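Structural features, examined
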Amino acid sequence: MILEEYSKLINSKEFKNWKNKHKDAYLSSCLLITDEASTGIWGFDFYLPNINKITTFELDNVINIKEDQEIFEQRKKKLKEINLNNLKFNLNEVNKFIDKNFNNKKFIKKIIILQYLQTLLWNITLLSLDFNITNVKLDAKNGKLLEQSTKSILQFKAS
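Residues numbered from 1 in each chain as written. Predicted model: local features only at pLDDT ≥ 70, side-chain atom pairs only at ≥ 80, totals over all residues. Heavy atoms only, no water.

Some points on the overall build of the protein chain
Quick note on the threshold: Counting from the N terminus, the helices are DSSP H or I runs at least four residues long and the strands are E runs at least two residues long. As a reference, a globule follows 2.2 Å times the number of residues to the power 0.38, and the radius of gyration itself is taken over C-alpha atoms. When accessible area is computed with a 1.4 Å probe and restricted to protein chains, residues below 20% of their type maximum are described as buried, those above 50% as exposed, and intermediate ones as partly exposed. Any two residues whose heavy atoms approach within 4.5 Å at even a single point are treated as in contact. Charge assignment: positive for Lys and Arg, negative for Asp and Glu; neither His nor the chain ends contribute. Taken as the charge centre is NZ of Lys, CZ of Arg, CG of Asp or CD of Glu, depending on the residue.
For the protein chain, the helix and strand inventory stands at three helices and eight strands. Written out in order from the N terminus, the α and β elements of the protein chain read α-α-β-β-β-β-α-β-β-β-β. Since a compact globule built from 159 residues should have a radius of gyration of about 15 Å, the 16 Å found for the protein chain is in line with a globular shape. Looking at the protein chain as a whole, 39% of its 159 residues qualify as buried. Pairs at least 24 residues apart make up 42% of the contacts formed inside the protein chain by residues separated by at least 6 positions. Taking the average location of the 25 positive side-chain charges in the protein chain and that of its 19 negative ones, the two points are 4 Å from each other.

Take a look at the structure:
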């Protein structure tokens, strides 16, 4: 699924025109947000090292481009390039992991990010009906669970 969407993007006229102007840009993360009503829209972030910003391409019925976005403050260092050919643990396997390990939970939103932190990983945030946020990090090369935590949304309320 991710490879098909990525291929659709890089073969599009919009992307080719943009890439001609940004030859040094490279893929730095991939994002999919799904909910009960939608299978989601893929977003692909391309890092522009010469200006330390990101351009995001969202694939819907059309390609939406969000150029020159700031990087999160804690990520001011150069982002690593993602090579989707290194992806051995794919999105179907991520979903199987979620179904197997959280089979008694109903999630109203899933935010799934493929990114390089210490290693290439799937960073998954799950919002449940019982107002909990579960975050899971899985190694994208072998599916190994790297980290898991659950917190109540209610603890984030304004005081």
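Considerations on the sheet that holds strand β2 (residues 38-48)
What counts here: Pairing between two strands is assigned when DSSP locates at least 2 bridges connecting them. Lines are fitted to the C-alpha atoms to define the axes, a helix being fitted only along its stretch in contact, and any angle between axes, read from their N-to-C directions, falls within 0 to 180 degrees.
Taken together, the eight strands give an open sheet; going across it, the order is β4-β3-β2-β1-β5-β6-β7-β8, and neighbouring strands pair in antiparallel fashion. Each edge of the open sheet is held by one strand with a lone partner, namely β4 (63-69) and β8 (145-152). Geometrically, the sheet is characterised by an average inter-axis angle of 15° between neighbouring strands, direction not taken into account. The sheet contact formed by strand β1 (residues 26-35) and β2 spans eight bridges and is antiparallel. Bridging across to β2, L32 finds its partner in W42. The strands touched by helix α1 (residues 2-10) within the sheet are β1, β2, β3 (53-59), β4, β5 (107-116) and β6 (120-128), with β2 carrying the most contacts at an inclination of about 55°.

What about the pattern of salt bridges?
Inclusion rule: We define a salt bridge as a side-chain nitrogen of Lys or Arg found within 4 Å of a carboxyl oxygen belonging to Asp or Glu.
Throughout the structure, instances matching the rule amount to five salt bridges. Note that K66 is salt-bridged to E58, the shortest N-O span being 3.0 Å. Note that E147 and K137 form a salt bridge whose closest N and O atoms lie 3.6 Å from each other. Residue E147 is found in strand β8, and its partner K137 is found in strand β7 (residues 132-139); the two are separated by 10 residues along the sequence. When its relative accessible area of 15% is taken as the criterion, K137 is described as buried.

Observations concerning the side chain of T56
To keep it simple, the criterion reads: Polar contact is defined as a pair of N or O atoms within 3.5 Å, subject to the rule that within protein one atom must be able to donate a hydrogen and the other to accept it, and that residues adjacent in sequence are counted only when both atoms are side-chain atoms.
With respect to the helices, strands and loops of the structure, T56 is situated in strand β3. At 2.4 Å, the side chain of T56 forms a polar contact with the side chain of D45. Contact partners of T56, with chain neighbours within four places excluded, come to F44, D45, N64, I65, K66 and Q69.

Some points on the environment of L84
Examined against the element boundaries, L84 turns out to sit in the loop between β4 and α3 (91-101). Taking C-alpha positions, L84 is 9.8 Å from L120, a pair spaced 36 residues apart along the chain. If near-sequence neighbours (up to four positions away) are discounted, L84 is found in contact with I2, L3, Y6, L27, C30 and L114.

A short note on the environment of L87
The residue L87 is located in the loop between β4 and α3 in this model. Judged by relative accessible area, L87 falls into the buried class, the value being 13%. Between the C-alpha atom of L87 and that of K141, which follows or precedes it by 54 residues, the distance is 5.6 Å. With residues near it in sequence (within four places) discarded, L87 still touches I2, L114, W122 and A140.

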